[in-house]
Amino acid sequence: MPKEQQGLHTVQMLGQTYRSMMAAFEANVGHALPRWRILLALHEAGALSQKILAERCRLDPASLTRQLQAMESLGWISRAIDEQDNRVINAMLTTQGKRVVAEALPRRAAFFDHAMQGLSAEQIKVCHEVLAVLEENFKAAQQRVTS
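A. The environment of K139, seen in detail. For K139, the location among the structural elements is in helix 6 (residues 121–146). The sequence separation of K139 and N90 amounts to 49 residues, and the corresponding C-alpha distance is 29 Å.

Written out as structure tokens, the structure is:
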């Protein structure tokens, strides 16, 4: 297979694998991955501004706002104006939200344990190296277009 086709095939496989992982993650953990990333970020950091949360979860602000509104209506998060800067809105887990995360964490761990079955430590290391190079190449390609 020519190198050009190999690159196309590899990137297509990467996309297919990501979509499969997202669907399996939601089925096993009980949360769509974008929502889970928000919950986990708030679990790990406590209160975060919506701007920092969007950057940390790699979500555009509009998508983040929709997710936060949905989670707020479920009683999982609360939002409040920052005491030091009234232009900033902070989000935090509620008691119910903390319970939701605590219940999902073991399912998440089991999901990733199962996903890594059959891979040696060396294969995982190589996979990390390959993904890091691809990420840098994708960032460089984005920079070429936006610069």
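B. Spotlight on the pattern of salt bridges. Applying the stated criterion to the full structure yields seven salt bridges. A salt bridge links R56 to E44, with the shortest nitrogen-to-oxygen separation between them at 3.0 Å. Remark: E44 occurs in helix 2 (residues 33–45) and R56 occurs in helix 3 (residues 50–57); sequence separation between them is twelve residues. On the basis of relative accessibility, which here comes to 52%, the residue E44 falls in the exposed class. The shortest N-O distance in the salt bridge between E72 and R79 comes to 2.9 Å. With relative accessibility at 31%, the residue E72 sits in the partly exposed group. The partly exposed category is assigned to R79, whose relative accessible area is 25%. In this structure, a network of salt bridges that share partners links the residues R58, E135, E136 and K139.

C. The arrangement of unusual backbone geometry in detail. Its identity as a non-glycine residue notwithstanding, R58 has a phi of 55°, on the positive side. Looking at where R58 falls in the secondary structure, it is placed in the loop between helix 3 and helix 4 (61–73). Take R58: its relative accessible area is 65%, and that puts it in the exposed class.

D. Focus on the side chain of Q67. Mapped onto the secondary structure, Q67 falls in helix 4. Side chain to side chain, Q67 and R35 meet in a polar contact 3.3 Å long. The residues touching Q67, leaving out its near neighbours within four places in the chain, are P34, R35 and I38.

E. Structural detail: helix 1 (residues 3–29). Taking 1.5 Å per residue as the helical rise, helix 1 with its 27 residues ought to reach 39 Å, and the 38 Å between its terminal C-alpha atoms agrees with that figure. Immediately downstream of helix 1, the backbone of G30 shows phi near 95°, a positive value.

F. The sheet that holds strand 3 (residues 89–93), seen in detail. In spatial order, the strands read 1-3-2; together these three strands make up an open sheet with antiparallel pairing. Taken across any chain shown, the strands that pair with only one partner, and hence form the sheet edges, are strand 1 (48–49) and strand 2 (77–81). Its contacts with the sheet place helix 4 against strand 2 and strand 3, and it is angled at close to 115° to strand 2.

G. View of the packing of aromatic side chains. Summed over all chains, the structure comprises four aromatic pairs. Here the aromatic rings of F25 and W36 are separated by 6.4 Å at their centres, their planes lie at 50°, and the arrangement is tilted. One end of the pair, F25, is in helix 1; the other, W36, is in helix 2, and eleven residues separate them in sequence. Taking the relative accessible area as the measure of exposure, F25 reaches 0% and is therefore buried. Residue classification places W36 among the buried positions, given a relative accessible area of 2%. Here F111 and F112 contribute two aromatic rings whose centre-to-centre distance is 5.1 Å and whose plane-to-plane angle is 65°, an arrangement assigned as edge-to-face.

The rules behind these values
- Residues numbered from 1 in each chain as written.
- Predicted model: local features only at pLDDT ≥ 70, side-chain atom pairs only at ≥ 80, totals over all residues.
- Heavy atoms only, no water.
- Helix = DSSP H or I, 4+ residues; strand = E, 2+ residues; numbered from the N terminus.
- Salt bridge = Lys/Arg side-chain N within 4 Å of Asp/Glu carboxyl O.
- Buried < 20%, exposed > 50% of the residue type's maximum accessible area, 1.4 Å probe, protein only.
- Polar contact = N/O pair within 3.5 Å; in protein donor to acceptor, adjacent residues only side chain to side chain.
- Contact = heavy atoms within 4.5 Å.
- Expected span 1.5 Å × (residues − 1).
- Pairing = 2+ DSSP bridges.
- Axes fitted to C-alpha atoms, helices over the stretch in contact; angles between N-to-C directions.
- Phe/Tyr/Trp six-rings, centres within 6.5 Å; stacked < 30°, edge-to-face > 60°.

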